[in-house]
Amino acid sequence: MTDQRIFNFNAGPAALPLPVLEEIQASFLNFNNSGMSITEISHRSSYFDEVINDAVERVKRLLHIDDQYHVLFIQGGASMQFAMIPMNFLSDGQSADYVNTGTWSTKAIKEVQIQNKGVKVVASSEDKDFSYIPNEIEFSKDARYVHITSNNTIKGTQFAKFPDTGGIPIVSDMSSDIFSRPLPMDRFGMIYAGAQKNLGPSGTCLVIIKKDFLDTANEDLPSMLKYSTYAAKNSMYNTPPCFGVYTIDLVLKWIEEEMGGLEKMEAFNLEKAGILYDFMDSSDFYRATAKKDSRSLMNVTFRLPDEDLEKLFIQKATDQGLGGLKGHRSVGGCRASIYNATTMEAINALVQFMESFQKEARP
Ligand SMILES: *Cc1c(COP(=O)(O)O)cnc(C)c1O
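Calculation notes
- Residues numbered from 1 in each chain as written.
- Predicted model: local features only at pLDDT ≥ 70, side-chain atom pairs only at ≥ 80, totals over all residues.
- Heavy atoms only, no water.
- Helix = DSSP H or I, 4+ residues; strand = E, 2+ residues; numbered from the N terminus.
- Buried < 20%, exposed > 50% of the residue type's maximum accessible area, 1.4 Å probe, protein only.
- Contact = heavy atoms within 4.5 Å.
- Expected span 1.5 Å × (residues − 1).
- Near = heavy atom within 4 Å.
- Polar contact = N/O pair within 3.5 Å; in protein donor to acceptor, adjacent residues only side chain to side chain.
- Areas by Shrake-Rupley, 256 points an atom, 1.4 Å probe, with all protein chains shown as cover.
- Domains from an automatic or database assignment.
- Buried area = accessible area lost by both parts, 1.4 Å probe.
- Salt bridge = Lys/Arg side-chain N within 4 Å of Asp/Glu carboxyl O.
- Nonpolar A, V, L, I, M, F, W, Y, C, P; charged D, E, K, R; others polar.
- Pairing = 2+ DSSP bridges.
- Right-handed = clockwise from strand over helix to strand, strands pointing away.
- Disulfide = S-S within 2.5 Å.
- Axes fitted to C-alpha atoms, helices over the stretch in contact; angles between N-to-C directions.
- Phe/Tyr/Trp six-rings, centres within 6.5 Å; stacked < 30°, edge-to-face > 60°.

Whenever I open this one, the side chain of H147 confuses me. Can you help?
Structurally, H147 is set in strand β5 (residues 146-149). By relative accessible area, H147 is classed as buried at 1%. Every residue in contact with H147, bar those within four places of it in the chain, is listed here: I85, D97, Y98, V99, A108, V171, D173 and Y192.

Help me out: how do you make sense of helix α10 (residues 344-361) in this one?
Because an α-helix packs 3.6 residues into every turn, residues spaced three or four apart end up facing the same way. A rise of 1.5 Å per residue sets the reference length of α10, with its 18 residues, at 26 Å; its end C-alpha atoms lie 26 Å apart and thus fit the reference within 8%. If you check which residues of α10 are buried, you get M344, A346, I347, A349, L350, V351, F353, M354, F357 and Q358. Check the buried side of α10 and you find it contacts β1 (7-8), α8 (262-281), β12 (299-303), α9 (307-319), β13 (322-323) and β14 (334-337).

Honestly, the environment of A11 in this entry has me stumped. Any pointers?
Here A11 is to be found in the loop between β1 and α1 (18-26). Remark: the alpha-carbon pair of A11 and D92, spanning 81 residues in sequence, is separated by 37 Å. Excluding anything up to four places from it in sequence, A11 contacts T153, K197, R335, S337 and Y339.

So what exactly am I meant to see when it comes to the site of the ligand here?
Around the ligand, 13 residues are found, and the nearest of them are S79, T153, D173, Q196 and K197. Here an oxygen atom of the ligand sits 3.1 Å away from a polar atom, N or O, in the main chain of A78. Across the complex, the protein chains shield 87% of the 390 Å² of accessible surface that the ligand would expose by itself. Counting residues per element, the shell around the ligand draws most heavily on helix α3 (residues 77-89), at four residues.

Explain the domain arrangement of the chain here, please?
Often the size quoted for an interface is simply the accessible area lost on bringing the parts together. In terms of domains, the chain is made up of domain 1 (21-258) and domain 2 (260-361). On a C-alpha basis, the centroid separation for the pair domain 1 and domain 2 is 27 Å. Taken together, the contact pairs 28 residues of domain 1 with 26 residues of domain 2. Regarding the contact of domain 1 and domain 2, the summed buried area is about 2100 Å², with carbon and sulfur atoms giving 54% of it. Area buried by domain 1 at its contact with domain 2 is led by I154, Q158 and P182, which between them contribute 23% of it. At the boundary of domain 1 with domain 2, the tally comes to zero salt bridges. Taken together, domain 1 and domain 2 are joined by 15 residue pairs in polar contact (both at pLDDT 80 or more). With five residues, the top contributor of residues to the side of domain 1 that touches domain 2 is helix α7 (residues 242-259). Partitioned by chemical class, the residues of the side of domain 1 that touches domain 2 number eleven nonpolar, ten polar and seven charged.

So what exactly am I meant to see when it comes to unusual backbone geometry here?
Peptide bonds are, in most cases, trans, and in most cases residues other than glycine have a negative phi. For the peptide bond that leads from G12 to P13, omega is -10°, which places it in the cis range. A positive phi angle, near 55°, is found at H64, a position not held by glycine. Note on H64: relative accessible area 65%, which makes it exposed.

What is the right way to read the pairing of strand β4 (residues 118-124) from this model?
Side-chain positions along a regular strand alternate between the two faces of the sheet. One ladder, built from six bridges, connects strand β3 (residues 95-100) with β4; its direction is parallel. For S95, the partnering residue across the bridge sits in β4 and is G118. A crossover links β3 with its parallel partner β4, the connecting element being helix α4 (residues 103-114), and its sense is right-handed.

What am I meant to see in the state of the cysteines here?
What is meant by a disulfide is a covalent connection between two cysteines, made through their sulfur atoms. This model, assessed by the stated rule, comprises zero disulfides. The thiol of C205 is unpaired, and the distance to the nearest cysteine sulfur, on C242, comes to 17 Å.

Quick question: what am I supposed to make of the sheet that holds β14 here?
Across a sheet, strands are paired by hydrogen bonds formed along the backbone, either parallel or antiparallel in direction. Spatially, β11-β12-β14 is the arrangement adopted by the three strands of the open sheet, whose pairing is antiparallel. Each edge of the open sheet is held by one strand with a lone partner, namely β11 (287-288) and β14. Summarising the sheet, β12 and β14 pair through four bridges and their orientation is antiparallel. Looking at the pairing, V300 lines up with A336 of β14. Along the sheet, α8 makes contact with β11, β12 and β14, crossing β12 at roughly 15°.

What's the story with the environment of N116 in this structure? I'm lost.
Looking at the element boundaries, N116 is found in the loop between α4 and β4. Considered as a pair, N116 and P86 are 30 residues apart in the sequence and their alpha carbons are 9.8 Å apart.

It is not clear to me how the pairing of β12 should be interpreted in this structure. Could you clarify?
By the criterion of burial, β12 is predominantly enclosed, with four of the five residues buried. Here β11 pairs with β12 via two bridges, running antiparallel. Paired with R287 across the two strands is R303, which belongs to β12.

I would appreciate a short explanation of the pattern of salt bridges in the present structure.
Close approach of charged atoms lets side chains of opposite charge pair. Tallied over the full model, the rule gives 16 salt bridges. Close ionic contact of K291 with D293 constitutes a salt bridge, the shortest N to O distance being 3.2 Å. For D293, a relative accessible area of 47% puts it in the partly exposed group. By sharing partners, the salt bridges in this structure join D54, R58, R61, D249, E256 and E257 into a single network.

Is there a simple way to think about the packing of aromatic side chains in this case?
Note on aromatic pairs: each is described by the distance of the centres and the angle between the planes. Using the criterion set out here, one finds 17 aromatic pairs in the structure. Ring geometry for F162 versus F188: centroids 5.0 Å apart, planes at 85°, classification edge-to-face. Taken together, the positions of F162 in the loop between β7 (157-158) and β8 (170-173) and F188 in strand β9 (residues 188-194) put the pair 26 residues apart, joining distant regions of the chain. Taking the relative accessible area as the measure of exposure, F162 reaches 10% and is therefore buried. Residue classification places F188 among the buried residues on the basis of a relative accessible area of 2%. Seen in terms of ring centroids, F302 and F313 are 5.9 Å apart; in terms of plane orientation they differ by 90°. Their pairing is edge-to-face.

In structure tokens:
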């Protein structure tokens, strides 16, 4: 069965570590000797308590954070967070700073505007088609928070360093690079990540909120739309996305125990992305689209000399078991998403294919 699996470069839902999938398969009919599948167990049972508590503890250990943070699992994907953040953290007369680095940031900004709340776009890379990360940003002194998208899945750019906001809490969409590297946690009021890029199945969003930041949130909101509801009930005010939390727990265990933590994860990601970018830099056939200092370690976006060659490239790659290399429908071109779970074997197979394709196209 596993020898029929392809090298999966999908942007999301994306490749998960094979040992995690195998463990899910092996325990699917009888979870932890319960006689039930994880999808059949009550979320009020000690079986599930153990799963969710283990996931929370692993998040805290990996990020070196303590009980000053809430670790929450919320449904609705990262996109619902775009709306919940201003709902919870902006009142009349208050405003937040947003950095616009692409499609996802643009959507986050739109959700503040829909609610008629205060938003100031303090920096944008739209002038150059979102191909870079702005630096030396000047933030508003009275900003309630600063929102950034740490990794831009579609354009293939990533904040290499987080901006100095002078103490204003950063709220970051980390959907496509969560747990790919260590984080300076003292800068963040909140981090959120839709699971389907680097964590698990779609439908679950991991939210990490600093308690003193949450203490300042609006309370006059519907129960399911305020963070304090989730925080008060260990994410189980209603039925949580049990299978998602379970898979995330296994992925976190894999990062801790197989990969050796976030420093090692980052070194591995640097090595993988480095191989691809170095290869493209040495070629006059493939061109990486992101500005060098803004290149993403997770989503490598690139172009070929023309669109017909790109079509043929994607087709031939698919035929040879290299999937998901088509760029996002809004930008075209090619994209190799190489998240935590992408193996060195997959990277080497991709570079080998790129070399031979180039030779065939330009003998
Ligand atoms: C995929 C993605 C989203 C959207 O996630 P959903 O879970 O589909 O809402 C938001 N932000 C970033 C950076 C993403 O990569």
